[in-house]
Amino acid sequence: DQYDFVVITHSATISFWVPLVKGAQDAARAISLAEGVNITVRHLGPHLFNVEEQVSIMENAIQSGVDGIIATLPDPNAFDAPVQQALDRGIPVVATNTDDTSGDNPRLAYVGQNDITAGRSLGEEIVKRVGTSGKVAIGLEDLGHPSLQDRLAGVRQVLDQTDITYEVLHTTADLTQAVATFESFLLANPDAKGIFSVDATGTTAQGTVIRNLGLQGRVVSGGWDLVPGTLQNIQDGYTQFTVDQNPYLQGYYPVVGLYLYLRYGIAPSNIDTGASIVDASNVNDVLSLAEQGYR
Amino acid sequence: MSAILELRKVSKRFGGVQALQDVSFTLEEGHIHGLVGENGAGKSTLIKILGGVYAKDAGEVLFQGATHQPATPAEAQRSGISVVHQEIPLCPNLTVAQNVFLGHPILKRGGRADWAEMERRTAELFSLIGQTSIDPRRVVGRLSVAEQQLTCIVQALSQQCRLLILDEPTAALTPGEVETLFDVLRKLRAEGTTILFVSHILSEVMEITDRVTVLRNGRHVATTPTAQLTTADVVRMMVGEMGVGHQPSAHARPSSDVVLEVRDLGEARSGLHGVSFELHRQEVLGIAGIQGAGRTELGLCLFGVTPATEGEIRLQGQPVRVTSPRQAIDLGIGYLTEDRRNLGLFWEMNVEQNLVAVIIDRLRRAFGRWDRRAARERGEEAVKGLDIRTAGLHQGIRFLSGGNQQKVLLARWLSADPSILILDEPTRGIDVGSKAEIRRLIRSLVERGVSVILISSDLDELLALSDRVIVMSRRRVSGTLSGSEATRERVMALATAK
Amino acid sequence: MGRSGNLPAWLRSREAGVLLALVLLVLFFSVTTSTFLTSLNLLNVLRQVSVVGIITLAMTILIISQEFDLSVGSMYAVVGIVVATLFNGGMSIWMASLAGLALAAAMGLVNGVLTVRGGIPSFIVTLGMMMVYRGVALLISGGSPASVRLPAFFYSITGSRLWGAIPAPALWFVIMAVAAYFLLHVTGFGFKAFAVGGNREAARLAGINTGRVKVIGFILTATAAGLAATISLSYLGSATPTQGQGMELQAIAGAVIGGASLMGGVGSIVGGFMGAIIMGIVRNGLVLLGVSAYLQELILGLVVIVAVLIGHYSTQQRR
Amino acid sequence: MGRSGNLPAWLRSREAGVLLALVLLVLFFSVTTSTFLTSLNLLNVLRQVSVVGIITLAMTILIISQEFDLSVGSMYAVVGIVVATLFNGGMSIWMASLAGLALAAAMGLVNGVLTVRGGIPSFIVTLGMMMVYRGVALLISGGSPASVRLPAFFYSITGSRLWGAIPAPALWFVIMAVAAYFLLHVTGFGFKAFAVGGNREAARLAGINTGRVKVIGFILTATAAGLAATISLSYLGSATPTQGQGMELQAIAGAVIGGASLMGGVGSIVGGFMGAIIMGIVRNGLVLLGVSAYLQELILGLVVIVAVLIGHYSTQQRR
Ligand SMILES: Nc1ncnc2c1ncn2[C@@H]1O[C@H](COP(=O)(O)OP(=O)(O)OP(=O)(O)O)[C@@H](O)[C@H]1O
Ligand SMILES: Nc1ncnc2c1ncn2[C@@H]1O[C@H](COP(=O)(O)OP(=O)(O)OP(=O)(O)O)[C@@H](O)[C@H]1O
Ligand SMILES: [Mg+2]
Ligand SMILES: [Mg+2]
């Protein structure tokens, strides 16, 4: 037997997806060994965040006759029709990482973090580290990305309860630009207590900024996702913490769900992959796992 | 005397056009050799083959005894051939000196360009050809066509060469400038440089050359010592039999109605100032002047390209302000540019499209369509009427010879039916036969009620055609002469007046 | 070269090369995949390219008049967000769409007037406006996507599959191509666009209002972006403020693959139409072939270059 | 126009306008913020623009010769990833950097040869290669960023602050500007670039190898992207396969703000240098001012346009 699965993400080229895809491929291999079926997993997606092109890719994938689809659904409406189209043709679809927030998408299940809840975790971590007053910055790499907007909303829910004031920065997907933006903010606000991000690029940039301006220990740095630069910065003490959403699981579980559904008709269920905080206390464990591609 | 260049059965074909067919002749070392022929006869093509721009299809060229087959212009230059091309290829963004030394800048140690030296040498070369008013540091894009032409000549002179090829170098020059140029050419000849000289002005060819080669329809007709020829002989060889004659026909009397009246016209940027004249119905008003006198600028001002900043223009007695070419055209004014390369032609378009550019709105039909059939009819009419040599109306304009391109431009303005037509150097680059044709055309325009303002550096032509002549000098009118008063001497005296 | 944009002669010219590239691509994917050459898939491709394609058509006209517009993606976002917001605010979808198109035309007018009157290159004007309009889309939407539930009739003629098969966006693309063909190759305006792009000074001396021709080109392009935004809103049921990033390069690439020259004066609607489709076919075919995301980008780039090379060499046109 | 690229006259021309725009911006931010006019901040700005700035300088030369390169951002990514990978694989950082620069030059050569020999527009070639090189960066890195711990000496001369104050990247930017100035405005090569861009046919007839001039321009631009990648790798300590997206537009914008014309033949290094700095100052100043992120994009766009307008009008230069 042979199953052909695709992972379709809203942007294919950022490093965030690497552990997610590895999780999916590991699951495929595990199942192959255990069940004697051959499962292939491919990763597709537009180059940059682009809903429309992602829809096209999903249509093309359906057309090409894949057996199952794992997809991020970064839009409340746009994916309703193509997912329905897939289901009509007997292709199961599981959402991962980013769900259709309107709740009307016919996908079988969602595996991932709830962005608002996870944003709240970041907010709570900020309060824990800087106290309940003072000025901080929160960077977004893309001002129009629904997940980032939801995370920001979560952060706001927490910070608005305190006396912390915050400036929202557009740090862009470019590391150099992100560094420049945080630098400028810190220069303009010498009393700033922290810089934070809701995405991986901005978080990586923070370490460089803190190091260059020599603000280690004076300005808190924290953000999102496990990428090598960020983990390094946590180890070196430039960055204090990062929110992890377990992308490995976001790839692993959906494959299992699709397989069980196709083989045995067991419907997949929603799984929250949580929002765990990685900081100096556990970074070393995470680092070794990250090197193996699990985190 | 030995042959420095020998052509043996050289042929070149462009698509459906046989530009050159089995052309053979030799250039004697130390001669000035004339090359003449009708528009489209293949002169420029031949020169481009020698200059490494085109590759010949067949035949052989021997230069200084060795096979000459340059793959690039640079290679031709290295072998000792300098070319002044017909189409004035200069970089408009660079200065005169930079253009002169374009391909072979003088370098200081460390690869640094030595601008001061190049400017000095440029000024020197210009003074050699009697031009001291052109600053080597001026940007070429701002020069008049004549000044650009001189720059090209200086560019060719700046290189040490055995063979100097000049493709219509005098087309934009005034008689005085031509004389100085000829002095330089004679001096070069005395020093042993061989010169190949192309011109449509046969008097020049008779004056300067030692031998003449005539081409017709891409074929070699004859190569003869100039001394053994008369102008009439050359014309006969060029056109086959005596097809056209000069007919200084008595022309219709201009009426006394004033169609255009200009009072104290001025334009600040060009320095045009205090220009006043009247133009009568059915009159040919000649404008004479040396290069830089401001004749073109007067034309551009009347046509609304550079709107007047002072003075008054009255059309049929009504004061008008002409602020754009569109408006001028709507008022019945047409302007044939002297700069067909930059201001005239649409290089990506074909003959027909170039012809209808001015009347495109008049060809409009329902839903904004334009009438193809009417356009084709106009095109066919023009090609026949002006004897335009083209493979067809759909031939790209860039593939026509220079003279034929000029005819297309002229036809464009004729199709617009203007009541006042300003012609700036209308016969520049046009062969003798066609020149007569165009002169006749101007006559017939006048018969039909058109008034013509004629700007021409060909003084004989100007005097032959004009009912009256106004002479310009330093952007002002220095005198007005009636038909009978206008003689070469008086015009030149006024043109060079302070 | 005989390329002139409106004579049968053009069929012998660069468009023929583009067609050859297109045919080769179709052949390749037909042989290598079993699904490519199905009517369902081909209609899908047409639907997928329709949004960028509509913009490509207008961009071709603008490029021929020697300008281009980098802000189309941002205008596309603004119009999508505005139409959705107006509709959700209670306006009828017809009125909202009309308002969106009018807004698009206004943005095009701004681009055009700044370029022509300001005398600064369209590259800079539209790069600047790309950021400005993007900012506008973000401000209006607050960064969040706007979803709509459109009335059935509007949806059926703009977003759905008509008669159960033909995607309405694809139909719009074809209709717009016909309209653009008429405009560029049949009307006096089209002639003027070629003239202005070919030699602006000569066009001015021939009495053509060169500024107006260019401004109209900008307005057409912006309006095409607005129409594309409305169609995509209908099809997807939502608009995001970041949509359309990189669209400008796709649209310009389509026009250039189709033979338009960024130096102006050269190009055709048939070419632009095929250029847009070539881009779409490659994207589609690569997914059908199962090529991974990283390799796709690489291959797409190569195909773009090869397509232009084929178009170029098959017609032995050299300058 | 008096612009010719190598005579004192150019100081009176468009560069003066760019300078005015720059001065006005500096004045504005000095008055509205207390932090802008500190040496620390100004050095920071210089550092921030240095990466794009180095590319802008070379791009200016390429634009003057009438071509441009959209693939700089992708080449920047490839070189960053390759240098990091080679270094992490055990190669000395010096060798790795040299290999990176050589690779960059090779990529530039490919761009140049495809454009010149293939006879297809650089827009299409480099758009295609932008995708190809991006794919290469992704394939080599497997999509993940590569971090490095560079030897202290290398870091100190490429990424750190020299003498505790001056950022090394900024110093490289200034050095490269001087070198580019020399190359463009003093040597015979620079002169040929102006000639080729001004009138390619005229340059060819005068015996200039126009193809070679353009290819060299491409190689210079690519090598500049490689150098920028090495500096940024050193400064940031990591390289991502997605870095440099949109960089091409920034570099071209800098050159054009600085007075270069995409029609070729016009431009200057001083202008390009100031153009790059203008872009950096606005981004920096807007954050210092605390302008909301949504508005920033909008304002940045307006400033770009206004800067060019000022540059244009202050010198009353109209074509
Ligand atoms: N690149 C080309 N492609 C096609 N046809 C060409 C090309 N160059 C020249 N021709 C054709 O070859 C013929 C000879 O042209 P050429 O320019 O040599 O004439 P010419 O004798 O210099 O004329 P003129 O006196 O008008 O300058 C003409 O019919 C012209 O249309
Ligand atoms: N756009 C311009 N800017 C500055 N100077 C100019 C411009 N155009 C022309 N000139 C200068 O104005 C002077 C007059 O040029 P114009 O072409 O009117 O002379 P002309 O009398 O028509 O001579 P001819 O047509 O024989 O060359 C020339 O010296 C020319 O260099
Ligand atoms: Mg000729
Ligand atoms: Mg003149």
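Look up a bit, the structure's there.
One structure accompanies this document, and this report is about it. (Residues numbered from 1 in each chain as written. Chains lettered and ligands numbered in written order. Predicted model: local features only at pLDDT ≥ 70, side-chain atom pairs only at ≥ 80, totals over all residues. Heavy atoms only, no water.)

1. Description of the interface of chain A and chain C
Each partner contributes to the interface: chain A provides 33 residues, whereas chain C provides 36 residues. Interface area for chain A against chain C, summed over the two sides, is near 2,700 Å², with a carbon-plus-sulfur share of 49%. Sorting the residues of chain A by area buried against chain C places Glu52(A), Asn60(A) and Gln63(A) first, and these three jointly supply 23% of that buried surface. Counting the contacts that link chain A with chain C gives three salt bridges. (Contact = heavy atoms within 4.5 Å. Buried area = accessible area lost by both parts, 1.4 Å probe. Salt bridge = Lys/Arg side-chain N within 4 Å of Asp/Glu carboxyl O.)

2. A look at the sheet that holds strand β13 (residues 284-288) of chain B
Residue and element names in this part refer to chain B. One open sheet holds the six strands; their spatial order is β16-β17-β18-β13-β19-β20, and the pairing between them is mixed. Edge positions in the sheet fall to β16 (333-336) and β20 (476-482), since each has one partner strand and no second. Strand-to-strand twist in this sheet, taken as the mean axis angle between neighbours without regard to direction, amounts to 20°. Pairing between strand β17 (residues 420-424) and strand β18 (residues 451-455): five bridges, direction parallel. Bridge pairing links Leu421 to Val452 in β18. Strand contacts of helix α9 (residues 295-302): β13, β16, β17, β18 and β19 (468-473), with the helix running at about 145° to β16, the strand carrying the most contacts. (Pairing = 2+ DSSP bridges. Helix = DSSP H or I, 4+ residues; strand = E, 2+ residues; numbered from the N terminus. Axes fitted to C-alpha atoms, helices over the stretch in contact; angles between N-to-C directions.)

3. Comments concerning the coordination of the magnesium ion (ligand 3)
Every protein donor of the magnesium ion (ligand 3) is accounted for by Ser44(B) (OG) and Gln86(B) (OE1), and the metal-donor separations fall at 1.9 to 2.0 Å. You can see Ser44(B) sitting in helix α1 (residues 43-50) and its partner Gln86(B) sitting in the loop between β6 (81-84) and α3 (96-100), a full 42 residues away along the chain. (Donors = N, O, S within 2.8 Å, 3.2 Å for Na, K, Ca; no water.)

4. Description of the pattern of salt bridges
Going through the model one piece at a time under the given rule, you end up with 52 salt bridges over all chains. As a salt-bridge pair, Asp26(A) and Lys22(A) come within 3.3 Å of each other at their nearest N and O atoms. One end of the pair is Asp26(A) and the other is Lys22(A), both in helix α1 (residues 17-35) and four residues apart, which spans about a single turn. Taking the shortest distance from any N to any O, the salt bridge between Asp115(A) and Arg151(A) comes out at 2.9 Å. A residue pair is termed long-range when its members are at least 10 positions apart, and Asp115(A) in helix α4 (residues 115-130) and Arg151(A) in helix α5 (residues 146-159) qualify at 36 residues. Via salt bridges that share partners, Arg326(B), Asp330(B), Asp361(B), Arg364(B) and Lys192(C) belong to a single interconnected network.

5. Observations concerning the interface of chain D and chain C
Tallying the contact residues gives 45 residues for chain D and 46 residues for chain C. Carbon and sulfur atoms make up 84% of the surface buried where chain D meets chain C, a total of about 3,800 Å² over both sides. The interface formed by chain D and chain C contains zero salt bridges. On inspection of chain D and its partner chain C, the count reaches zero residue pairs in polar contact (both at pLDDT 80 or more). Those elements giving two or more residues to the side of chain D that touches chain C turn out to be α4 (93-118), α5 (122-141), α11 (247-257) and α13 (293-313) of chain D. Of the residues assigned to the side of chain D that touches chain C, the class counts are 33 nonpolar, nine polar and three charged. (Polar contact = N/O pair within 3.5 Å; in protein donor to acceptor, adjacent residues only side chain to side chain. Nonpolar A, V, L, I, M, F, W, Y, C, P; charged D, E, K, R; others polar.)

6. Brief notes about the packing of helix α3 (residues 72-88) of chain D against α4(D)
Residues and elements named next belong to chain D. Contact geometry for α3 and α4: axes closest at 9 Å, N-to-C directions at 150°. As far as their axial angle goes, α4 and α3 are roughly antiparallel. Crossing hand, α3 versus α4: right-handed. Along its contact with α3, which presents Met75, Val78, Val79, Val82, Val83, Leu86 and Phe87, the element α4 presents Ile93, Ala96, Ser97, Ala99, Gly100, Leu103, Ala104, Met107, Gly108 and Asn111. Grouping the constituent residues of the contact of α3 with α4 by class yields 13 nonpolar, four polar and no charged. (Parallel < 35°, antiparallel > 145°, perpendicular 65-115°, else oblique. Left-handed = near helix turned anticlockwise from the far one by under 90°.)

7. Describing helix α13 (residues 372-385) of chain B
All names here are of chain B. Helix length check: α13 (14 residues) gives 20 Å between terminal C-alpha atoms against 20 Å at 1.5 Å per residue, within 8%. Along α13, the positions that sit buried rather than exposed are Ala374, Ala375, Gly379 and Ala382. An end-on view of α13 places all buried positions within 135° of arc, on one side of the element. Within α13, the exposed residues directed more than 90 degrees away from the buried face are Arg373, Glu381 and Lys384. Packed against the buried residues of α13 are α12 (351-356) and α14 (402-415). (Expected span 1.5 Å × (residues − 1). Buried < 20%, exposed > 50% of the residue type's maximum accessible area, 1.4 Å probe, protein only. Arc of directions from axis to C-beta.)

8. Re helix α10 (residues 210-236) of chain C
Residues and elements named next belong to chain C. With 27 residues, α10 should cover 39 Å at 1.5 Å per step; its first-to-last C-alpha distance of 39 Å lies within 8% of that length. By the criterion of burial, α10 is predominantly enclosed, with 21 of the 27 residues buried. Positive backbone phi, approximately 75°, marks Gly237, located one or two places after α10.

9. A closer look at the relation of the copies chain D and chain C
If you rotate chain D by 180° and push it 0.0 Å along the axis, it lands on chain C with an RMSD of 0.1 Å. Taken together, the rotation and translation describe the operation of a two-fold axis. In terms of C-alpha distance to the rotation axis, chain D has Met263(D) as its closest residue, with the C-alpha 3.8 Å off the axis. When the interface residues of chain D are mapped onto chain C, 100% of them again lie at the interface, so the same face is used by both copies. (Least-squares fit on C-alpha atoms with pLDDT ≥ 70 in both.)

10. A short note on the environment of Leu157(B)
Residues and elements named next belong to chain B. Examined against the element boundaries, Leu157 turns out to sit in helix α5 (residues 145-157). In sequence terms Leu157 and Gly176 are 19 residues apart; their C-alpha atoms lie 19 Å from each other. Excluding anything up to four places from it in sequence, Leu157 contacts Leu125, Ile129, Leu164, Val184 and Leu188.

11. Notes on the sheet that holds strand β14 (residues 310-315) of chain B
In a beta sheet, neighbouring strands pair by backbone hydrogen bonds and run either parallel or antiparallel. Residues and elements named next belong to chain B. The sheet built from four strands is open, its strands ordered β12-β11-β14-β15 with antiparallel pairing. The open sheet has two edge strands, β12 (272-280) and β15 (318-320), and neither has a second partner. With strand direction ignored, the average angle separating the axes of adjacent strands in the sheet is 20°. With three bridges joining them, β14 and β15 adopt antiparallel strand pairing. For Ile313, the partnering residue across the bridge sits in β15 and is Val320. Relative to β12, α9 is tilted by about 70°, and along the sheet it contacts β11 (258-267), β12 and β14.

12. Examining the packing of helix α1 (residues 14-32) of chain D against helix α12 (residues 269-289) of chain D
All names here are of chain D. Two elements in contact, α1 and α12, have axes whose closest approach is 10 Å; the angle formed by their N-to-C orientations is 20°. Taken together, the axis directions place α1 and α12 in an arrangement best described as roughly parallel. For the crossing formed where α1 meets α12, the hand is left-handed. Where α1 approaches α12, its residues Glu15, Val18, Leu19, Ala21, Leu22, Leu25, Val26, Phe28, Phe29 and Thr32 are matched on the opposing element by Val270, Gly271, Met274, Gly275, Ile277, Ile278, Ile281, Val282, Gly285, Leu286 and Leu289. Partitioned by chemical class, the residues of the contact of α1 with α12 number 16 nonpolar, four polar and one charged.

13. A short note on a nonpolar patch on the surface
There is a patch of nonpolar side chains on the surface, built from Leu19(C), Leu20(C), Val23(C), Leu24(C) and Leu27(C) and spanning about 400 Å² of accessible area. By the secondary structure assignment, Leu24(C) is in helix α1 (residues 14-32). (Patch = residues over 30% accessible without salt bridge, like charges linked within 9 Å, V, L, I, M, F, W, Y side chains within 5 Å. Areas by Shrake-Rupley, 256 points an atom, 1.4 Å probe, with all protein chains shown as cover.)

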